[in-house]
Amino acid sequence: MKKSFFFGAALCCGMLLTACGGASSSKATDDGVANDSDELVQEVATECDEVAKNVVQGELGLFELQGPVKKCTVINEWGNVVRTFDEKGFWLTHDGKPLSKVYPGGIERDECGRIVKGLLDEEGNGEEYSYNEFGKIVEYRYHYYDSIERDLSFYDENGNLLKKYIEMGGMDAEEPYDETYTDVVTDDKGNWTSRKANGEVQKRKIEYYN
């Protein structure tokens, strides 16, 4: 699940908290945004931008993205992963599926309109995300019955991701380990397009809004 879905605390930028506090819960609709969150996203996200101009827009920080990203394709040997975003940086689709299909159990959003919890079913299985004060992910949790994962992200003083600390439990349990990034190549927006994770090459292609 991890490699095909999320893929994707040195110096950790901020505590393991949702930067703007609070949360709202709602069901996702076929347009990929929770049915009562359009107004929340439009109004509250603007308020968040006014408070911190350097905060990464929307949910781009979940995927190590910034700028006017329209589509990001992670190129994997087991199959590419494609995510799309609206012009405010909010996550729309995953491999062509709206978020209502990705999280059929419902979505919780923080006061900035960002996803903090997505449920894969009605039994509470799903994923949780925590952001730092710059809108970047600092903690990711995945729970599906006895399969459990927890990732902590560590950044340098410039907000560049240095490594992730990864714990896994359940049938796929293994010893906790660090995933460290080297040989990072970025585009003119500052997004990485190629890097090595513990020596393994990772690549992605990014399309932007004009």
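Keep in mind that this is a model prediction, so the values were computed, not measured.

A.B. asks: Which residues make up the overall build of the protein chain, and what are the values?
C.D. replies: Along the backbone of the protein chain there are 3 helices and 14 strands. In the protein chain, which comprises 210 residues, the share counted as buried stands at 48%.

A.B. asks: Which residues make up the confidence of the model for the protein chain, and what values do they have?
C.D. replies: Averaged over every residue, the pLDDT of the protein chain is 82; the share at 70 or more is 74%. Within the protein chain, strand β3 (residues 81-85) carries the highest mean pLDDT (98), whereas helix α1 (residues 2-6) carries the lowest (40). Across residues 1-21, confidence stays below pLDDT 50; counting only partners more than four residues off in sequence or on other chains, it has 82 contacts.

A.B. asks: How would you sum up the packing of aromatic side chains? Please name residues and give values.
C.D. replies: Tallied over the entire structure, the rule returns 5 aromatic pairs. Between F63 and W91, the ring centres sit 5.0 Å apart and the planes meet at 75°, which makes this aromatic pair edge-to-face. You can see F63 sitting in the loop between α2 (38-51) and β2 (69-75) and its partner W91 sitting in strand β4 (residues 91-94), a full 28 residues away along the chain. For the pair F63 and W91, a shared accessibility class is recorded, and that class is buried. Taking the centre distance of 4.9 Å and the plane angle of 80° together, the rings of Y144 and Y145 count as edge-to-face. Here a set of aromatic residues connected by ring pairs shows up, and it is made of F63, F85, W91 and Y103. Taking NZ or CZ as reference, K163 lies 5.2 Å from the ring centre of F154, over its face. It is K189 that lies over the ring of Y208; its NZ or CZ is 4.7 Å from the centre.

A.B. asks: Any details on the environment of D146? Residues and values, ideally.
C.D. replies: With respect to the helices and strands, the residue D146 is situated in the loop between β9 (137-144) and β10 (147-155). Note: C-alpha distance between D146 and M171 (25 residues apart in sequence) is 7.0 Å.

A.B. asks: Give a description of the nonpolar core that names residues and reports values.
C.D. replies: The nonpolar side chains of a soluble globular protein tend to be buried with one another. Residues L65, V69, F85, W91, Y103, I115 and Y129 are the most contacted members of the largest nonpolar core, which totals 28 residues. Of all the secondary structure elements, the ones that give two or more residues to this core are β2, α3 (99-102), β7 (115-119), β8 (126-131), β9 and β14 (200-208). By residue number, the principal contributor to this core is β9, which donates 4 residues.

A.B. asks: Residue-level account of the pairing of β3, with values.
C.D. replies: Within β3, 4 of the 5 residues are buried, which leaves it mostly tucked inside the rest of the structure. In the sheet, β2 pairs with β3 via 4 bridges, with the strands oriented antiparallel. Of the residues in β3, the one forming a bridge with T73 is V82. Counting the residues in the hairpin turn of β2 and β3 gives 5 residues, including G79, whose phi is positive at 130°. The pairing of β3 with β4 spans 3 bridges and is classified as antiparallel.

A.B. asks: Before we move on, could you go through the pairing of β14 and cite the residues and values that matter?
C.D. replies: In this sheet, β14 lies alongside β2 in antiparallel orientation, the contact comprising 6 bridges. From the neighbouring strand, I75 faces β14, where its bridge partner is K203. Of the pairings in the sheet, the one linking strand β13 (residues 192-197) to β14 comprises 4 bridges and is antiparallel in character. Residue pairing in the sheet places R195 in a bridge with Q202 of β14.

So, how was this worked out
Residues numbered from 1 in each chain as written. Predicted model: local features only at pLDDT ≥ 70, side-chain atom pairs only at ≥ 80, totals over all residues. Heavy atoms only, no water. Helix = DSSP H or I, 4+ residues; strand = E, 2+ residues; numbered from the N terminus. Buried < 20%, exposed > 50% of the residue type's maximum accessible area, 1.4 Å probe, protein only. pLDDT = per-residue confidence, 0-100. Contact = heavy atoms within 4.5 Å. Phe/Tyr/Trp six-rings, centres within 6.5 Å; stacked < 30°, edge-to-face > 60°. Lys NZ or Arg CZ within 6 Å of the ring centre and 35° of its normal. Core = buried A, V, L, I, M, F, W, Y, C linked by side-chain atoms within 4.5 Å. Pairing = 2+ DSSP bridges.

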